[in-house]
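Here is how the chains run, residue by residue.
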Amino acid sequence: MKKKGIIALAIILAIVLAGGGVLAGSLTYFLHHYLETIGTVLVVLLFSAISIISVSAEYDPSDNLVSGDYKYEILEDGTASIVAYEGTKAHLTFPTEIDGFKVTEIYNPFYQNETIKSVTVPEGIKKAYIFGANNMEKLSLPESLEEFDAYCIWQTEFYKNPKNWENGALYLGNRLLDTDTTKVSGTFKVKDGTKYISRGALADNEKLTEVILPDSLVRIESGAFVSSTALNKVTFGKGLEYIGDYAFEGCKGLKEIALPEGLAKIGYGTFSECGLEKISFPSTLKVIENEAFSSCENLKSITIPPSVTHLGSAFSFCENLSEVNLPDTLEFIGRDAFHATAYANNPKNYEDDLLYYGKYLLDYSEDFGGTCKIKEDRIQNKINNYNQ
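All values derive from a computational prediction rather than experimental measurement.

The rules behind these values
- Residues numbered from 1 in each chain as written.
- Predicted model: local features only at pLDDT ≥ 70, side-chain atom pairs only at ≥ 80, totals over all residues.
- Heavy atoms only, no water.
- Helix = DSSP H or I, 4+ residues; strand = E, 2+ residues; numbered from the N terminus.
- Buried < 20%, exposed > 50% of the residue type's maximum accessible area, 1.4 Å probe, protein only.
- Contact = heavy atoms within 4.5 Å.
- Core = buried A, V, L, I, M, F, W, Y, C linked by side-chain atoms within 4.5 Å.
- Patch = residues over 30% accessible without salt bridge, like charges linked within 9 Å, V, L, I, M, F, W, Y side chains within 5 Å.
- Areas by Shrake-Rupley, 256 points an atom, 1.4 Å probe, with all protein chains shown as cover.
- Salt bridge = Lys/Arg side-chain N within 4 Å of Asp/Glu carboxyl O.
- Lys, Arg positive; Asp, Glu negative; His and termini not counted.
- Charge placed at Lys NZ, Arg CZ, Asp CG, Glu CD.
- Polar contact = N/O pair within 3.5 Å; in protein donor to acceptor, adjacent residues only side chain to side chain.
- Pairing = 2+ DSSP bridges.
- Axes fitted to C-alpha atoms, helices over the stretch in contact; angles between N-to-C directions.
- Phe/Tyr/Trp six-rings, centres within 6.5 Å; stacked < 30°, edge-to-face > 60°.

Draft legend 1. Seen up close, the overall build of the protein. A count of helices and strands for the protein gives five helices and 30 strands. Split into buried and exposed, the 388 residues of the protein put 48% on the buried side. Long-range pairs, those at least 24 residues apart, make up 29% of the contacts in the protein with a sequence separation of at least 6.

Pasting the structure below:
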């Protein structure tokens, strides 16, 4: 059984036994800030429960592949995930290949390991979650790493050592791992040379008002600034390529953003529930995912640049959004792209109970009877099925 399932099941059982309380609050916090992995955890938890109930469940040998001191699993893409280290080394460098499989993920390899003093994650690893090595004093991470956050290491000696912190910020190489909300307030400038801001690194800070990001910054990971409600200004660097899902969710004080050239995609819920009134999109933008700007109640107008080809259900519940400007280049529009907005609620924008924008058929009204004639030369929204 995969350790992800065991961990999730243990958390749920602990909450039930303890009757909620602080642990339940901790789980709520975890679910809120790590939405990107919740689907996986829930699926694994489901199958874990099934395996416990049904003793006759078929055994999958790939769950416990062993190579030397390591246990690993094969991922869907044919690469390996190291799920356990059972050796005694104090200074450990994980392998890049195991039994001919390329290693791309390290997931919770230690269980109450008191021997490990240093860990090196090599190039090629994309995801690393390192729990259970509380005596770890040194950690080295690669450029290839796409997902890592301080939640994994907050009990380690490395995290607790004040010498590893700079003015309330924990950096590791070119990565900002975490910040101390009691020491970071007002304007915070991420230091030059930083390429990555990890998950939750500047989250839940009620005193942070402005962030200045360097041109060296390439990637902002999921939930990096989530619920920093006082944040009212973000200066993006010129090198930014990626903003993770829910990165700025709940930043109520954020009124205006100018996204930099080079940015190609805005992820799920990235700026949802923000106080945005004005958005400037770059000419390089191609994809705006679902909920990217949902529930931005102060937003009144938007102009999508012609570079965008995919617009998900991105502006739903922006209740004051009345002016919409879309390019002719769109290949996909989510059915609920403008659900519960002033634009969608304006009967003047409907023809025969259908909501059009130029050549695009966007939605239908609550009075829609199920039978209609779509106007000629209109592109039917790909996500809808109107001929029911």
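That covers the picture; the talk isn't over yet.
Draft legend 2. Focus on the environment of aspartate 69. You can see aspartate 69 is positioned in the loop between β1 (65–67) and β2 (70–74). Excluding residues within four positions of it along the chain, aspartate 69 makes contact with Ala84, Tyr85, Glu86 and Gly87.

Draft legend 3. Spatial organisation of the nonpolar core. Counting residues in each nonpolar core, the largest one holds 61 residues, and the members touching the most others are Ile220, Phe225, Phe236, Phe248, Phe271, Phe293 and Phe315. Those elements giving two or more residues to this core turn out to be β11 (169–172), β15 (208–212), α5 (342–345), β28 (354–357) and β29 (360–364). When near neighbours in sequence (up to four residues on either side) are disregarded, phenylalanine 293 contacts Ile257, Ile266, Phe271, Ser272, Leu276, Ile279, Phe281, Ile288, Ala314, Phe315 and Cys318. Formed by 33 residues, the second largest nonpolar core is a distinct cluster that contains Phe110, Ile130, Leu141 and Leu170.

Draft legend 4. Up close: a negative patch on the surface. Among the surface-exposed residues, Asp352, Asp353, Glu366 and Asp367 lie close enough to one another that they form a single negatively charged patch. If you trace the backbone, aspartate 353 turns up in the loop between β27 (350–351) and β28. Taking the relative accessible area as the measure of exposure, aspartate 353 reaches 31% and is therefore partly exposed.

Draft legend 5. The side chain of serine 81, seen in detail. On the secondary structure map, serine 81 appears in strand β3 (residues 80–85). On the accessibility criterion, serine 81 (0% relative accessible area) is buried. Side chain to side chain, serine 81 and glutamate 105 meet in a polar contact 2.8 Å long. Look past the residues within four positions of serine 81 in its chain and what remains in contact with it is Lys71, Tyr72, Glu73, Leu75, Glu105 and Tyr107.

Draft legend 6. Focus on the pattern of salt bridges. Summed over the entire model, instances satisfying the criterion amount to eight salt bridges. Among the salt bridges present, the one from lysine 195 reaches glutamate 143, with a minimum N-O distance of 3.6 Å. A residue pair is termed long-range when its members are at least 10 positions apart, and lysine 195 in the loop between β13 (186–189) and β14 (196–197) and glutamate 143 in the loop between β9 (138–140) and α4 (157–160) qualify at 52 residues. Given a relative accessible area of 31%, lysine 195 falls into the partly exposed group. Judged by its relative accessible area of 36%, glutamate 143 is partly exposed.

Draft legend 7. Focus on unusual backbone geometry. Even without being a glycine, aspartate 204 presents a positive backbone phi close to 55°. With respect to the element layout, aspartate 204 can be found in the loop between β14 and β15. For glutamate 273, which is not glycine, the phi dihedral falls at a positive 60°. Here glutamate 273 falls in the partly exposed class, since its relative accessible area comes to 34%.

Draft legend 8. Quick peek at the pairing of β15. Where β13 meets β15, four bridges bridge the pair, whose relative direction is parallel. Each residue of the ladder has a partner; that of lysine 189, found in β15, is isoleucine 212. Of the pairings in the sheet, the one linking β15 to strand β17 (residues 233–235) comprises three bridges and is parallel in character. Residue pairing in the sheet places isoleucine 212 in a bridge with threonine 235 of β17.

Draft legend 9. Structural detail: the sheet that holds strand β7 (residues 118–120). Across the sheet, which stays open at both edges, the three strands sit in the order β4-β7-β9 with parallel pairing between neighbours. Each edge of the sheet is formed by a strand with only one pairing partner; in this case those strands are β4 (91–93) and β9. Shown here is a sheet whose adjacent strand axes are inclined to one another by a mean of 5°, direction ignored. Two strands pair when backbone bridges link them, and β4 and β7 are joined in this way by three bridges, in the parallel orientation. Residue leucine 92 lies in a different strand from β7, and its bridge partner there is valine 119.

Draft legend 10. Fine view of the packing of aromatic side chains. Under the criterion given, the structure shown has 17 aromatic pairs. Ring geometry for tyrosine 107 against tyrosine 129: centres 5.3 Å apart, planes inclined by 55°, an arrangement best described as tilted. With tyrosine 107 in strand β6 (residues 101–107) and tyrosine 129 in strand β8 (residues 127–129), the pair connects residues that are 22 residues apart, well separated along the chain. A relative accessible area of 9% places tyrosine 129 in the buried class. Note on phenylalanine 131 and tyrosine 151: the rings are 5.8 Å apart at their centroids and 75° apart in plane angle, and the pair reads as edge-to-face. Note that phenylalanine 131 is positioned in the loop between β8 and β9 and tyrosine 151 in the loop between β9 and α4, a separation of 20 residues in sequence. Classification of phenylalanine 131 by relative accessible area gives partly exposed; the value is 23%. On the basis of relative accessibility, which here comes to 31%, the residue tyrosine 151 falls in the partly exposed class.

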